[in-house]
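Residue strings, one per chain:
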Amino acid sequence: MSQITLRVNGETRTVDVDPSTPLLYVLRNDLGLRGPRFGCGLSQCGTCTVLMNGNPVRSCSRPVSRAQGTEITTLEGLSGDDELHPVQQAWIDEQVPQCGYCQNGQILAAAALLADNPGPTDDEIREGMNRVLCRCMTYYRIQAAVRRAAEVMADGEVER
Amino acid sequence: MSVERAMAAWDGSTSRRDFLRTSGLFVLGFSGAGAAGVSRWGFDGAAGEPAPYPDVDFLQLDSWLVVHEDGTATFYVGKTDGGQGTGTATRQILCDELDVAYDRSELVMGRTDMTVDQGGSGGSDAIERDAMAARRVAAEARRVLLEMAADRLAVPVDALAVSDGVIWVRGDRSRTVGYGELVGGRRFDVALMGANVNATTGLASVKPVQELKLVGQSIPRYDIPGKVDGSLEWAVDVKLPRMVHARNVRPPFAGATVVGVDESSVRDLPGFVGVFTEGNYVAVVCEREEQAIAAAERLAVLWEKPARAPFPASDELFDYMRGTTPVGGGGRASAQVQGDPDVALAGAATVVEAAYDIPFHGHTAIGPAHGLADPSDGQMTIYTNDMKPYSHRTGIAEFVGMSPEQVRVIWMDGPQLYGRTAADDAGFEAAWLANELGRPVRMQWSREEETAWDTKGPAFAIDMKGGLDADGNVVALDYRARIANYAHVGYNQADTVLIAQLMGIRPERPSPGGGRGPDEMYHIPNRRQVTRAVRFPLAFETPLRTGNLRDPNGPQTAFAGESFIDELAAAANADPVELRLRLLRGSGEDDDAHRRARSIAVVEAAAEAYGWDLRPSPRAVGSGRLLTGRGISYAYRARTTVATIAEVEIDRETGRVWVRRMVCGHDCGLVINPDGLESTVQGNLLHGISRTLYEEVRFDGERVTSVDWRTHPTLTHMDTPERIDVVIVNGDPNPDRPDLLPYGAGEPSHRTVPAAIANAIHDATGVRMRRLPLRPERVLAELERMGL
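Predicted model, so just to flag it, every value in this text is computed and none were measured.

Reading guide: rules and limits
- What you see as residue numbers is a count from 1 along each chain, following the sequence as written.
- A letter from A marks each chain and a number from 1 marks each ligand, given out in the order of writing.
- Per-residue local features are limited, in this predicted model, to residues with pLDDT of at least 70; the limit for side-chain atom pairs, both in listing and counting, is 80 or more; totals at the level of whole chains, interfaces and linings are taken over all residues.
- Here a helix means four or more residues in a row that DSSP labels H or I, a strand means two or more in a row labelled E, and each is numbered from the N terminus.
- C-alpha atoms define the radius of gyration in this analysis, and the globule rule sets the expected value at 2.2 Å times the number of residues to the power 0.38.
- The burial criterion counts other C-beta atoms lying within 10 Å of a residue's C-beta, which is placed from the backbone; the residue is buried at 20 or more, exposed at 12 or fewer, and partly exposed between these limits.
- C-beta atoms are placed from the backbone for every residue, and two residues are taken to be in contact when these atoms lie within 7 Å.
- Here the limits of each domain have been adopted from an automatic or database domain assignment.
- Under the scheme applied, nonpolar residues are Ala, Val, Leu, Ile, Met, Phe, Trp, Tyr, Cys and Pro; charged residues are Asp, Glu, Lys and Arg; polar residues are all the others, including Gly.
- Between the first and last residue of a helix there are one fewer steps than residues, each counted as 1.5 Å, and that sum is the expected span.
- The criterion for strand pairing is that DSSP finds at least two bridges linking the strands in question.
- With axes taken as lines fitted to C-alpha atoms, and helix axes fitted only over the stretch in contact, angles between N-to-C directions fall between 0 and 180 degrees.
- pLDDT: the predictor's confidence for each residue, scored from 0 to 100.
- For the purposes of this analysis, a nonpolar core is taken to be any set of buried Ala, Val, Leu, Ile, Met, Phe, Trp, Tyr and Cys residues that are connected through C-beta atoms within 7 Å.

Enquirer: Could you give an account of the overall build of chain A, with specific residues and numbers?
Expert: Scanning chain A for helices and strands turns up 6 helices and 5 strands. Going residue by residue from the N terminus, the α and β elements of chain A occur as β-β-α-β-β-β-α-α-α-α-α. In terms of overall size, chain A behaves like a compact globule, its C-alpha atoms giving a radius of gyration of 16 Å where 160 residues would be expected to give roughly 15 Å. Scored against the burial criterion, the 160 residues of chain A give a buried share of 54%. For chain A, restricting intrachain contacts to residue pairs at least 6 apart in sequence, the fraction spanning at least 24 positions comes to 58%.

In structure tokens:
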């Protein structure tokens, strides 16, 4: 065990864990976060996604020691104090989730995609989101929600 | 939150124990350190006291709903919502009947100590069956409230009007009384009637459809915001004091037996708590989750391979299934004969034959199975996403030797289930380990376990034969299926869950499943449906355990049935839609659900919405790289009818099939929440595409080799259709009937997908794909064989 200091959702947190522990278990079991969830442990599905310095990272396969010195954002930290991130709002407006277990990864992947490419084409949405899996198969609504979020972010206002 | 509110309904004038003993709000009698968001009072039960978690009495109105002093209502149903919006839809129905505004209500689902046993979820019948029982109770509550108001206001009941929880004297809005004033915080103490929970009713009639205001509206789902902002607490999130983490160690070969377990290989690992072995069941427990994962990888177990191969390799599966001697009839109604199919086939002008193969499919939830068991105070509490919490409770009680009254199951959100999944198995394992250890145990399966060891939807080998007369009419249809479903695993059975099987426990007799052929309303005078089960050498402790997977057997049987109707259409040079309508209209007979009329309606609606032009398939094969075609498939399930059209694009260079567009004509009677229905149907269609194009459980002669998302691919964003139209149809002969009922939705659409895609590929190419999944290499091989 050793002391590891992390920056998570704008706060500094210190934990006493084996440095090889996957970041996922530290976030969930030591810091009590619910956004990132276990899906495969193999970096294949994206359910455990967090943003590290704004980039989507699969926390199931990232040792906690290699998360030090980065700004980690989980689903809980994506929204501001009073309002949801436009991607989250679009997810509600399009009524995207079914079971919702994978949506952490879908939402964070979409937020990262739109930060990188504010006006993606349909093909770019498909390609950009492709490595995040959903077994309820909500892909159709996810893609609609990404398009909606892109429009809202471009307009700078929420469309109703 | 609802629990606190329900607790507030208890006025404190009786001791809690007396309160628990009386009927009514004993729904409050729960104990222990619960999940956050659920109250946390300790139960002060002493030895010899009545067990704390009695069954909730469905014959008491108070078991189903509580009206609070502020006039808000809490409903309690014995169902779970896997994300198809059945919770929201149920609230809409109940608010309409009770006359309470939607946002002044809440719903508690699937807690065995608080909600009546409605079996949990399954069969797409949450709205069709269970919400209708709750609806009649809500109507009864409204009736009782009106009687109370009549007393209070000293007028006859029929002089009263009611809206949104307020009752007033017609013509005099100054004389009003609210639901909260009438009964808030108190029990109704009204007995209900009914031979079983599904028949529960009071004296009141439900409202005619025309008076329902919330029903029919696309009210946004209440569970979505918490799933989007990370605030929802899931079953995987629950943490309890002294909780430890468990992982299983599975046999490396199917049917392998434990010779020895060397605990010293892990004893010195940090956080080690214990190794638990009984028979061929092996698990490790550690203080921390990552420690349990490491210990499960490190534990030295000596396994002995079985003398005989447990099953054929998946490449030889269908030859094996057709060549072996069947063991059983495959359940009830396994052979159905109408007319004389042999004579009709012998006299037919044209006879068509085809064989269809459908592999094992897995549930492979996005989050592997898990369960948390808390053995505190000599009781057992299970936190799970199992969609059947009631049988989870009774099955676990039996397995660990407790009375059901000592066990409660708290259902919480979790990864998708869609049938008899390993959530059952993980909960039993957690409970058994918790019982051994005396500490709360969280069991979490790995991705490999989830994919390899979850129950499977059975493989089918189906042989079809059909006869046409000289005019192209279908005169005979012969369906013969073999199904690899010898020892079908039921829900939460103490003698078939995986841990029981590995411990050497066996059911008294295996339960072969899957007896029926395709569900359609075609008028074909001579037909036969025969299903026979086949078995493998290893029937138990096998990763090829079969259990219900979304629409059990429906996609498999409809793939054969609806592909073959297209083969007959091609042989008759008929348009596939025209032939189906001809077969549906061929008989004047109807059934009580008007299924035939509604079958015709969905086929017509799908064809119209798609813009289907009448012509036989296949079309002239194009010369470009991308070939396009369209295909239709129709089915019913219970009382719901569906017709789905798929438009595909096939890359002749790579063999990749993309379903570019789907149109689904769907009649499930009364629609409660159109957007929720559309979302559910979309999910079922896409899951159907995934099973059709990609999914197959692969195995060699020793073990399942599909162990992750690379070896068991699933539909991705890239494969998603460009456009999906769900056309909601009401084909009832009397569409405005005031007693129109909702029928099940979800699974009915799922079964139409495989044949719609295969028929579209045939339309585009003339190639008939008869073996699922339709992966690119298989499509390419067929295209090459046809010289395309």
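On we go.
Enquirer: Can you lay out the overall build of chain B for me, pointing to particular residues and giving the numbers?
Expert: When helices and strands are counted, chain B shows 20 helices and 26 strands. Taken against the 2.2 N^0.38 rule, which gives 28 Å for 788 residues, the C-alpha radius of gyration of chain B at 28 Å falls within 12% of a compact globule. For the C-alpha atoms alone, the extent of chain B along its principal axes is close to 85 × 80 × 45 Å. A buried classification covers 58% of the 788 residues belonging to chain B. Pairs at least 24 residues apart make up 80% of the contacts formed inside chain B by residues separated by at least 6 positions.

Enquirer: An account of the domain arrangement of chain A is requested, with residue identities and associated values reported.
Expert: All names here are of chain A. Partitioning chain A into structural domains gives domain 1 (2–78) and domain 2 (86–154). Each partner contributes to the interface: domain 1 provides 15 residues, whereas domain 2 provides 14 residues. At the level of elements, β3 (49–52), β4 (55–58) and α2 (75–78) are the ones that each hand at least two residues to the side of domain 1 that touches domain 2. The biggest single contributor to the side of domain 1 that touches domain 2 is β3, with 3 residues. Partitioned by chemical class, the residues of the side of domain 1 that touches domain 2 number 7 nonpolar, 7 polar and 1 charged.

Enquirer: Give a description of helix α16 (residues 595–610) of chain B that names residues and reports values.
Expert: Residue and element names in this part refer to chain B. The first and last C-alpha atoms of α16 sit 22 Å apart over 16 residues, in line with the 22 Å expected at 1.5 Å per residue. Here α16 has its buried residues at Arg595, Arg596, Arg598, Ser599, Ala601, Val602, Val603, Ala605, Ala606, Ala607 and Tyr610. Residues of α16 that are buried in the fold lie against α15 (576–585), β23 (626–637), β24 (640–651), β25 (657–667) and β26 (723–728).

Enquirer: Give a description of the interface of chain A and chain B that names residues and reports values.
Expert: Contacts between chain A and chain B engage 46 residues on the former and 47 residues on the latter. Among the secondary structure elements, those contributing two or more residues to the side of chain A that touches chain B are α1 (23–30), α2, α3 (86–93), α4 (103–116), α5 (122–129) and α6 (139–155) of chain A. Counting residues per element, the side of chain A that touches chain B draws most heavily on α6(A), which supplies 4 residues. Its residues placed into classes, the side of chain A that touches chain B shows 22 nonpolar, 17 polar and 7 charged.

Enquirer: Please provide a residue-by-residue account of the sheet that holds strand β5 (residues 71–73) of chain A, values included.
Expert: Residues and elements named next belong to chain A. Within the open sheet, the 5 strands sit side by side as β2-β1-β5-β3-β4. Their pairing is mixed. Among the strands making up the open sheet, the edge pair consists of β2 (11–17) and β4. Looking at each pair of strands side by side, their axes are set apart by 45° on average, direction ignored. Of the strands in this sheet, β3 and β4 are in contact with α4, which crosses β3 at around 30°.

Enquirer: Which residues make up the sheet that holds strand β1 (residues 65–67) of chain B, and what values go with them?
Expert: All names here are of chain B. On the basis of which strands lie adjacent, the open sheet formed by 3 strands has the order β1-β2-β3 and mixed pairing. Both outer strands of the open sheet, β1 and β3 (105–109), are each paired with one neighbouring strand and no more. Averaged over all neighbouring strand pairs, the angle between strand axes comes to 15°, with direction disregarded. Sheet strands in contact with helix α3 (residues 86–98) are β2 (73–77) and β3, and its direction is about 130° off that of β3.

Enquirer: Mind laying out the domain arrangement of chain B, listing which residues take part and the relevant values?
Expert: Residue and element names in this part refer to chain B. In terms of domain boundaries, chain B breaks down into domain 1 (2–228), domain 2 (240–307 + 369–445), domain 3 (314–360 + 455–554) and domain 4 (576–785). Each side of the interface is counted separately: domain 1 has 20 residues, and domain 4 has 18 residues. Mapped onto the side of domain 1 that touches domain 4, the elements with two or more residues apiece are α3 and α4 (126–153). The leading source of residues in the side of domain 1 that touches domain 4 is α3, at 4 residues. Among the residues making up the side of domain 1 that touches domain 4, the classes are represented as 7 nonpolar, 10 polar and 3 charged.

Enquirer: Go over the pairing of β3(A), please, and point to the residues and values.
Expert: All names here are of chain A. Here 4 bridges tie β3 to β4, and the two strands are oriented antiparallel to one another. Opposite valine 50, over in β4, you have valine 57 as the bridge partner. Where β3 hands over to β4, the hairpin turn is made up of 2 residues, of which asparagine 53 adopts a positive phi near 50°. Bridging between β3 and β5 involves 2 bridges; their strand directions are antiparallel. Counted as the bridge partner of leucine 51 is threonine 73 from β5.

Enquirer: Which residues make up unusual backbone geometry, and what are the values?
Expert: All names here are of chain B. Across the junction of serine 617 and proline 618, the peptide omega takes the value 0°, indicating a cis bond. In this structure, the amide linkage connecting leucine 772 to the following residue, proline 773, adopts the cis form with an omega of -5°. By the element assignment, proline 773 lies in the loop between α19 (753–765) and α20 (776–785). With a phi angle near 55°, asparagine 573 is a residue other than glycine that sits in the positive phi range. Relative to the elements of secondary structure, asparagine 573 occurs in the loop between α14 (554–571) and α15.

Enquirer: Could you give an account of the environment of Asp732(B), with specific residues and numbers?
Expert: Of note, Asp732(B) is situated in the loop between β26 and α18 (747–750). With near-sequence residues (within four places) excluded, Asp732(B) lies in contact with His594(B), Arg598(B), Gly669(B), Arg737(B) and Leu740(B).

Enquirer: Can you lay out the environment of Asp463(B) for me, pointing to particular residues and giving the numbers?
Expert: All names here are of chain B. If you trace the backbone, aspartate 463 turns up in strand β20 (residues 460–468). Sequence-wise, aspartate 463 and threonine 394 are 69 residues apart; in three dimensions their C-alpha atoms are separated by 41 Å. Setting aside residues up to four positions removed in sequence, aspartate 463 forms contacts with Ala355 and Arg480.

Enquirer: A description of helix α10 (residues 389–400) of chain B should follow, citing residues and the corresponding values.
Expert: Residues and elements named next belong to chain B. Spanning 12 residues, α10 covers 16 Å between terminal C-alpha atoms, matching the ideal 16 Å at 1.5 Å per step. Within α10, 10 of the 12 residues are buried, leaving the element largely enclosed by the surrounding structure. All of the buried residues along α10 are Pro389, Tyr390, Ser391, His392, Arg393, Gly395, Ile396, Ala397, Phe399 and Val400. On its buried face, α10 is in contact with β16 (380–384), β17 (407–411), α11 (423–437) and α13 (498–502). Of the residues trailing α10, glycine 401 is marked for its positive phi of about 75°.

Enquirer: Before we move on, can you summarise the confidence of the model for chain B with the specific residues and values?
Expert: Residue and element names in this part refer to chain B. For chain B, per-residue confidence averages 92 on the pLDDT scale, and 92% of positions sit at 70 or higher. Here residues 1–49 is modelled with pLDDT under 50, and outside its nearest four sequence neighbours on either side it reaches 79 contacts, counting other chains as well. Across the whole predicted complex the pTM is 0.94, and at the interface the ipTM reaches 0.97.

Enquirer: I'd like to hear about the nonpolar core, residue by residue, with values.
Expert: Residue and element names in this part refer to chain B. With 264 residues, the main nonpolar core has Val284, Ala430, Ala606, Ile757 and Ile761 as its most contacted residues. In terms of residues, this core owes the most to one element, α4, which gives 11 residues. In contact with valine 284, not counting residues within four places along its chain, are Ala246, Arg247, Val249, Val266, Val275, Ala292, Ala295, Ala296 and Leu299.

Enquirer: An account of the pairing of strand β9 (residues 272–278) of chain B is requested, with residue identities and associated values reported.
Expert: Each regular strand displays side chains that alternate between the two surfaces of the sheet. Residues and elements named next belong to chain B. As judged from the 6 bridges shared by β9 and strand β10 (residues 281–286), these two strands associate in the antiparallel manner. Within the sheet, the bridge partner assigned to threonine 277 lies in β10 and is valine 282. Between β9 and β10, which pair antiparallel in sequence order, lie 2 residues; one of them, glycine 279, sits at a positive phi of approximately 60°.

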